[in-house]
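Here's the letter readout for the chains.
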Amino acid sequence: MDDYTPKWQHLADGTPASVTHNRECKVCGHGFNASRSDAKYCSQNCRKAQSRKSEKMKRETKKAIHAIEEIRTIAGDDKKLLALAARLEDEIFVTLAGVTDKYDY
Ligand SMILES: [Zn+2]
């Protein structure tokens, strides 16, 4: 059953009643019943809020990675600065892994 099939459809045509999954919204934390087992958000508002947040995070991450590239350019073969750049890069990805399900930067 897809998201657009009315809950009463099974009464009309004998298709099985929908199975609902108790989920917790990843944005607001409220519990909700979802027809999909992989649902993450309770509403379109929460889905959009998450989308805006991850778009912003992508932009900020690109800026940070660009800054790290600048450090590498300035560093030349300065091992300490190159190590610092590598550490900053690791920190960014550890942080991203903690706040997103996936990252493709
Ligand atoms: Zn929500």
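Data block above holds the structure.
Caption draft 1: Main features of the overall build of the chain. Helix and strand content of the chain: three helices and two strands. Along the chain, from the amino end to the carboxyl end, the secondary structure elements read α-β-β-α-α. Across the 105 residues in the chain, those meeting the buried criterion constitute 3%. Sequence separation of at least 24 residues holds for 23% of the intrachain contacts in the chain that already meet a minimum separation of 6.

Caption draft 2: Just the pairing of strand S1 (residues 21-24), in detail. Where S1 and strand S2 (residues 31-34) come together, four bridges link them in antiparallel fashion. Bridge assignment links Arg23 to a residue of S2, and that residue is Phe32. Count of turn residues in the S1/S2 antiparallel hairpin: six residues, of which Gly29 carries a positive phi of about 85°.

Here is what the cut-offs are and how they apply
Residues numbered from 1 in each chain as written. Predicted model: local features only at pLDDT ≥ 70, side-chain atom pairs only at ≥ 80, totals over all residues. Helix = DSSP H or I, 4+ residues; strand = E, 2+ residues; numbered from the N terminus. Buried ≥ 20, exposed ≤ 12 C-beta atoms within 10 Å, placed from the backbone. Contact = placed C-beta atoms within 7 Å. Pairing = 2+ DSSP bridges.

By themselves, these observations are geometric and do not establish any function.
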